[in-house]
Amino acid sequence: KLLSFLGAVQHQHGDLVASYDTLKKELRVAEQLGRTETADYLSGRRAEAGLLMAFGEYVEAQGIIEAIVPRWSALTGDDSVPVWLSHSRGVLIHKFGDLQGAQRELAAAATRARAQGSVERALGAELALTRVLLDLGRIDEAERLLASIEAAEPPRTARSSLITTATVRAQLLLAQRAL
């Protein structure tokens, strides 16, 4: 648990390389103890994929996320994936150009998060969805969604230090000027 805490502090302070190294140590410990089919380990692998995405390593991140899905289902006995995993899948689907698929995945993640009472997770999925809507050319819809996110959350962006409401607002303004 100490490694997990250290990695979280490093991540919050923007030291993603140190956070990644700490996470890899934590995952190696779990592997040595034979705890690779646990929720904590699979969540850690998702965190690894998130850091890889921050480094621009989308292909490797996608491999990790797609490997987690069947293992999560086997672990829980449930075919549905958790919101955090669906959110990551949606971001990767978007990155690889399937805008319709990304829209479906992220909208579903946001809906499930809200149904579960997890507003912060819903806002994170909706922020990613806003970027997809911009890429689809649905500027007005993206504007409305971004405005609702900005109204709902504190100035700090839910979960992501790399994609903030300010960066998405800048993307929206650029898209509006391109019209």
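Up top you'll find the structure we're talking about.
First, a word on what this report is: a plain description of the structure on this page.

The rules behind these values
Residues numbered from 1 in each chain as written. Predicted model: local features only at pLDDT ≥ 70, side-chain atom pairs only at ≥ 80, totals over all residues. Heavy atoms only, no water. Core = buried A, V, L, I, M, F, W, Y, C linked by side-chain atoms within 4.5 Å. Buried < 20%, exposed > 50% of the residue type's maximum accessible area, 1.4 Å probe, protein only. Helix = DSSP H or I, 4+ residues; strand = E, 2+ residues; numbered from the N terminus. Contact = heavy atoms within 4.5 Å. Axes fitted to C-alpha atoms, helices over the stretch in contact; angles between N-to-C directions. Parallel < 35°, antiparallel > 145°, perpendicular 65-115°, else oblique. Left-handed = near helix turned anticlockwise from the far one by under 90°. Expected span 1.5 Å × (residues − 1).

1. Focus: the nonpolar core
Residues Ala61, Ile65, Ile68 and Leu85 are the most contacted members of the largest nonpolar core, which totals 21 residues. Contributing elements (two or more residues each) for this core: helix 2 (16-32), helix 3 (39-54), helix 4 (58-76) and helix 5 (83-95). Among residues more than four places away in sequence, those in contact with leucine 85 are Arg46, Ile65, Ile68 and Val69. One finds Leu127, Val132, Ile139 and Leu172 within the second-largest nonpolar core, a separate group that totals 17 residues.

2. Details of the packing of helix 3 against helix 4
Viewed as axis vectors pointing N to C, helix 3 and helix 4 meet at an angle of 160 degrees, and their least axial separation amounts to 8 Å. Put simply, helix 3 runs roughly antiparallel to helix 4. As helix 3 packs across helix 4, the resulting crossing turns out to be left-handed. Contact residues: helix 3 offers Ala39, Tyr41, Leu42, Ser43, Arg45, Arg46, Glu48, Ala49, Leu52 and Met53, while helix 4 offers Tyr58, Glu60, Ala61, Ile64, Ile65, Ile68, Arg71, Trp72 and Leu75.

3. A closer look at helix 3
Every α-helical turn comprises 3.6 residues, leaving residues that sit three or four positions apart pointing alike. A rise of 1.5 Å per residue sets the reference length of helix 3, with its 16 residues, at 22 Å; its end C-alpha atoms lie 23 Å apart and thus fit the reference within 8%. The complete set of buried residues in helix 3 reads Tyr41, Leu42, Gly44, Arg45, Glu48, Ala49, Leu51, Leu52 and Met53. Where helix 3 is buried, its residues touch helix 1 (2-12), helix 2, helix 4 and helix 5. In the segment just after helix 3, glycine 56 is the residue with positive phi, at about 85 degrees.

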